[in-house]
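Chain residues, written in single-letter form:
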Amino acid sequence: MSFLLSSILGALTAQTFTEIKGAFPFNAFGLEKNSQISAEDLNHPITDKDRITVTSDGHIQANGQRLRIFGTNLSEFPNSHSEADFAAEALAKQGFNCIRFHHTDSDWARCFIKNVNGTRVIDRKRLDDFDYFFAQLKKNGIYSNINLLTGRTYTTADGLKNEIMKVTDWKNRHNLGFWNEDGKKVQKKWAKELLSHVNPYTGTSYLEDPAVAIVEINNENGLLQSYLDGNLEEYTGYYWQDLENQWNSWLKNKNLDYKILDSKYN
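Residues numbered from 1 in each chain as written. Predicted model: local features only at pLDDT ≥ 70, side-chain atom pairs only at ≥ 80, totals over all residues. Heavy atoms only, no water.

Student: Got a sec to walk through the nonpolar core? Specific residues and values, please.
Tutor: General note: in soluble globular proteins, nonpolar side chains tend to be found buried as a group. L91, F112, F130, F133 and L137 are the most contacted members of the largest nonpolar core, which totals 37 residues. Elements that contribute at least two residues to this core include exactly α2 (81-93), β5 (98-101), α3 (124-139), β8 (143-147) and α4 (181-195). At six residues, α3 tops the list of elements feeding residues into this core. Ranked by size, the runner-up nonpolar core spans twelve residues in total, among them I164, L176, W179 and Y239. (Core = buried A, V, L, I, M, F, W, Y, C linked by side-chain atoms within 4.5 Å. Buried < 20%, exposed > 50% of the residue type's maximum accessible area, 1.4 Å probe, protein only. Helix = DSSP H or I, 4+ residues; strand = E, 2+ residues; numbered from the N terminus.)

Right under this line is the structure:
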């Protein structure tokens, strides 16, 4: 049994409490057709008219109607078509209409990336598993939130300079893309490979698929946050100098300097 079904969805069998007077068997996933506890009728297969847009007042809608997203995280996905069929149907009957695919790039999760001779490449078998599961979710009316940069550890194998190895915290290494071209290239390469990929089970790339509700670029991260937390202090040499040069260039273009900033904000 896969990690998804055993750890995320939980027990797969009905829990029966017949020793309690008046109790009856209760299947937590509402797998019976037309079960009274199933929410399957709330969703319908996602088509182009269900593409999510943002209204002028800042709310989201689909097919001209206000949309409320009720979702959950998954850090892995099924290994087989039969598991994917079951999981997508079970999630729909639970009332979910969105899945957040979290840690799809993490070194510890069996998701999209694998190491081959020290170089990270896309695991085509796992990508195919994801493609099929995504298609089944779409069929059951469930949108997807795809995370791009979550948990992988940047190394020189990504084409980065040796100084990246001096940044001890793997999460801090993800800051690089906020200012440095090397970091941006690493992010863009992965994003292009995944989002431009045409799912053979839907015939549509993830970039264009209406069932993609959200694409998260850099999970739980920000340049100002990292500065205030002191995390940028781990950067030295070339990468730190690059950030400093860009900061000074920005000040110059704005006709600002440290003395002016001190007078304005202190």
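Student: Now, about the environment of L127: what can you tell me, with residues and values included?
Tutor: By the element assignment, L127 lies in helix α3. For L127, a relative accessible area of 3% corresponds to the buried category. Put simply, L127 and I113 are 14 residues apart on the chain and 9.0 Å apart in space, counted from C-alpha to C-alpha. Among all residues touching L127, those that are not within four sequence positions of it are F112, I122, L194 and H197. (Contact = heavy atoms within 4.5 Å.)

Student: Could you give an account of the sheet that holds strand β11 (residues 212-216), with specific residues and numbers?
Tutor: One open sheet accounts for four strands, arranged β4-β5-β8-β11; its pairing is parallel. Taken across any chain shown, the strands that pair with only one partner, and hence form the sheet edges, are β4 (71-74) and β11. Here the average twist between neighbouring strands, direction ignored, is 20°. Where β5 lies against β8, four bridges are found, and the strand directions are parallel. For C98, the partnering residue across the bridge sits in β8 and is Y143. (Pairing = 2+ DSSP bridges. Axes fitted to C-alpha atoms, helices over the stretch in contact; angles between N-to-C directions.)

Student: Could you give an account of the packing of aromatic side chains, naming the residues involved and the relevant values?
Tutor: Centre-to-centre distance and the angle between the planes together describe a pair of aromatic rings. Throughout the structure, instances matching the rule amount to 15 aromatic pairs. Taken together, the ring pairs in this structure connect F77, F101, F112, F130, F133, F134, W190 and Y206 into an aromatic cluster. The aromatic ring of Y238 is capped on one face by K161, whose charged end is 4.8 Å from the ring centroid. (Phe/Tyr/Trp six-rings, centres within 6.5 Å; stacked < 30°, edge-to-face > 60°. Lys NZ or Arg CZ within 6 Å of the ring centre and 35° of its normal.)

Student: Account for the sheet that holds strand β3 (residues 65-66), with residues named and values stated.
Tutor: Judged by pairing direction, the sheet is antiparallel, and its three strands sit side by side in the order β1-β2-β3 without closing on themselves. Of all the strands in the sheet, just β1 (52-54) and β3 have a single pairing partner and so form its edges. Relative to β3, strand β2 (residues 60-62) is paired through two bridges, and the arrangement is antiparallel. Directly across from A62, in β3, lies its bridge partner Q65.

All we've got here are geometric facts, nothing functional implied.
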